Every structure is written in structure tokens, then in C-alpha cells.
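Here's the letter readout for the chains.
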Amino acid sequence: MSTLKKSLTELSADLETRWLVSEPKETPGEDTSALLERIQLEIPVALAFHRVLEECEETPLVDLGAMEKVGRVFLKDEGQRMGMKAFKVLGGTYALHRLEVRGDLQEGDTVTTFTDGNHGAGLAYAARQAGYRAVIFVPKVMVKSRRDRIEEQGAELIEVDGDYDTTVAEVMRVAKEKGWVLVGDTSWEGYEQVPRDITTAYSTIFAEALCQMKEEHGLEPTHVILQAGVGSFAAGGIAYCLEEQEPPPRFVCVEPTDADCIYENVRVGGDGKLACQGQTESVSAGLNCGIPAYKTAWPILRDHCSAYVALGDGWPIAAVRELHKHGVISGESGCCGYAVLMAARKDDQMREDLKLNDQSVVLVVNTEAATDPDFFDEIIG
Ligand SMILES: Cc1ncc(COP(=O)(O)O)c(C=O)c1O
């Protein structure tokens, strides 16, 4: 059963849609340029690492065809990444490799992180493959299927009674006390190297996708829609596409209305450390983050996106259903890029602001499959 407090009918009725538009900065801030340079220098290393990683095969690019009023849509299906149902395993595997190369991870060490599910499962997988003990902190409210997925990889779980951000604080304290190596996918002052490696690792998704679009269809995206929790995934995608495509596509960031920390920082001109207004209890568990990765993702998102969208829970529920009709198995976080298109299809002003029309070529990423299968079945009905 889902741990959500509202019924599926109540959740489905929440079709709130907010967006902010922005022009990507011609002269990005110094923090952005320095960060992008560091990530982009490392991209070839990450791509080479995943290329030789035996179990890391290319995921499919699904051609969803023309969608009324918003153009041709391609979906990169990360639900099929390495048998782990989500893209996050790319970050875990590469982060451990880089820690080893730097001499920061030795035989017998324990690695740890906090997770809403996917990053923990990805790290547990990476630790098992590389022979490390993994202890994963999870919020008490996490559904059983997501816990099982982490434990199946041989990791130990520690429950924390609180939301994602409370969990982050607790794991930092315990990791320090026990001498465990923290492999977190969000950054703060003084904790930047590992989350930057993880951000860089996500470039593999976009390298594959742009190449598949070009080779299989002779097309480049005009728009790339990116889900944000803390923003690492989106920043990795932007960093890769900026290097690869000239002029770059328009980047659209999407979050749940209840966890809209990037949106909120943009709205008030914040510094990336501002918490979202919501309770981080949206249906999209993977995106329920209250504060952006302000050292490693926020500047890139602030300066390079052309729109920031916040969606109520009804949109991902509708998107899971619609993608299922296209033969795509998507979770409530995985489908949010596609959900933006569903919302835009119904709203002339939104399409105009996002510059979407019949000529657009849109890349969305299904970042996870059905990681909560009971809820998925309930949605599909
Ligand atoms: C399925 C899914 N999509 C997207 C994201 C967002 O990634 P990030 O937190 O790097 O913004 C997450 C994060 O856990 C996730 O699990």
C-alpha cells in the first residue's frame, strides 16, 4: 500500500500548474562557469567508466511520436537501467570508482547515504559489486517495496523518523561518528566532490539519448525537460547538452508543487539555500526534496533553464497512465517530464511561455520504472 495520506481520487484532482519563465543567461555567474567547467572536464571520464562497466548497457530511446500541439516526443527509458529500475545507479557506481581513485575508499570501508529509494538502491548495488558494506538511511515513511529493493542488494537499513532533510542531518552525524564514507547526491558547504561526481555521472544518459536521437532519427532536441529533486540529475543533463549542442536546447525544470525548492529559489531570487514552501509529501517520492544541491546543481539550473514548472499530484498520476498506454512503465517521479507536456497541451499560455509547438522536438527522461508496484497497479487500475 502507498503511505500517502490522500486517496487516489483526491490526488488525481490536484491539477495545479505553475511556471516561471526565464531567459538563459548569456553571461552565467562565475559560480556557474567554474562549476560547469569542472563537470564538463570530467564528463569523458564518466562516459568511459560506464562504457566499460559490463552490466551498464544502453537504455532504450522510445519514440512517442507527435503529440498534439507540443511536437515530437522522445523518451529515454531509465526505468531499464542495469536492472535497478532507475538512473541513480549510474551515480553510485561512478562515485565509488572516483573515491577509490582518489584513495578515499579502502578495503573494508562502509559506505552510507540517505535516500528516498533510488539513490540508496543504486549505491547498495555499487557497494555490493565493489565489495563494500553499505548502510542506508531511509525515512520511516518509505514504502516496503522501495526498502526491499535496497535490502535485496545486501545493504543494511537505518530508519529515520522525519522527512528527507531530517534524514540528511542524521546521516551526516552518524557517518562522522562511525568513520563511514558518505556518498550523498546533494551538496552543501564543504561537501561537494562526491555530489559533483554523481552529477557528472548522469551525463551518460544524455550522451546516449542525443546520440540515439541523431543516429536513429536524424534529430536534435529543441527542448529537454528535466525532473528536479535536489537538482543533480537536471544539472548533469544541462552540463552535457551545453557541450554537445549549439545552440543548446531549451531546458525546462519540473518539480512537484509540494517540493518546489528550485522554483521557489528562482521565484524570490534566492541563493539556492532556501527551502520549498511545501511539505515534501508529493506523490513523486524521488522529487520530495526541500533544499537544492546548492553547491553543485543550483547555479546551473538558475542560469541555464528557460522555464521552471511545478505540478500538482494529479499530473504524474495521469502521466503514469498515459505512458502505460504507450507501453512505458513509469513511476510517479519518472513520468514528470512527460507530465509537463500533458499540462502544456491543455494550456495555450503555458505552451507559448515554454515555446512549445508542433515543430518542437522534446526529450524527456523516464527516470524510474514502477518502484512502488502496488501504487502503480492502483493507478493503472
Ligand atoms: C526517479 C527519480 N527521478 C528524479 C530524481 C531527481 O534527481 P535529483 O535529486 O538529482 O534532482 C530522483 C531523485 O531521487 C529520482 O529518484
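Residues numbered from 1 in each chain as written. Predicted model: local features only at pLDDT ≥ 70, side-chain atom pairs only at ≥ 80, totals over all residues.

Another point: the sheet that holds strand β7 (residues 181-182). Reading across from one edge, β6-β5-β4-β7 is the order of the 4 strands in this open sheet, with parallel pairing throughout. For this open sheet the edge positions go to β6 (156-160) and β7, each flanked by a neighbour on one side alone. Here strand β5 (residues 133-139) runs beside β6; their pairing, made up of 5 bridges, is parallel. Counterpart to Phe137 in the pairing with β6 is Ile158. (Pairing = 2+ DSSP bridges. Helix = DSSP H or I, 4+ residues; strand = E, 2+ residues; numbered from the N terminus.)

Turning our attention to the domain arrangement of the chain. Domain boundaries in the chain define domain 1 (8-86 + 198-380) and domain 2 (89-195). A straight line from the C-alpha centre of domain 1 to that of domain 2 covers 23 Å. Of all the elements in the fold, those that place two or more residues in the side of domain 1 that touches domain 2 are α2 (30-52), α7 (193-201), α8 (203-217) and α15 (373-380). Broken down by class, the residue content of the side of domain 1 that touches domain 2 amounts to 17 nonpolar, 10 polar and 5 charged. (Domains from an automatic or database assignment. Nonpolar A, V, L, I, M, F, W, Y, C, P; charged D, E, K, R; others polar.)

Ordered in space as β1-β10-β9-β8-β11-β3-β2, the 7 strands form an open sheet in which the pairing is mixed. For this open sheet the edge positions go to β1 (17-21) and β2 (61-67), each flanked by a neighbour on one side alone. Each adjacent strand pair in this sheet contributes to an overall mean axis angle of 20°, direction not counted. Strand direction decides the pairing type here: strand β8 (residues 223-227) and strand β11 (residues 361-366), joined by 3 bridges, are parallel. Within β11, the position partnered with Val224 by the bridge is Leu363. Docked against the sheet, helix α9 (residues 232-244) engages β8 and β9 (250-256), running at close to 155° with respect to β8. (Axes fitted to C-alpha atoms, helices over the stretch in contact; angles between N-to-C directions. Contact = placed C-beta atoms within 7 Å.)

Here the focus is the site of the ligand. Around the ligand sit 21 residues, and of these Gly229, Ser232, Gly286, Thr367 and Glu368 come closest. When contributions to the shell around the ligand are tallied by element, the ones reaching two or more residues are α4 (118-130) and α9. Per-element tally for the shell around the ligand: the top contributor is α9, with 3 residues. The residue inventory of the shell around the ligand, partitioned by class, reads 7 nonpolar, 10 polar and 4 charged. (Near = placed C-beta within 6 Å.)

The element strand β10 (residues 305-311) is extensively covered by neighbouring structure, given that 6 of its 7 residues are classed as buried. By the bridge criterion, 5 bridges tie β1 to β10 in an arrangement that is antiparallel. Counterpart to Arg18 in the pairing with β10 is Ala310. As judged from the 6 bridges shared by β9 and β10, these two strands associate in the parallel manner. Within the sheet, the bridge partner assigned to Cys253 lies in β10 and is Tyr308. (Buried ≥ 20, exposed ≤ 12 C-beta atoms within 10 Å, placed from the backbone.)

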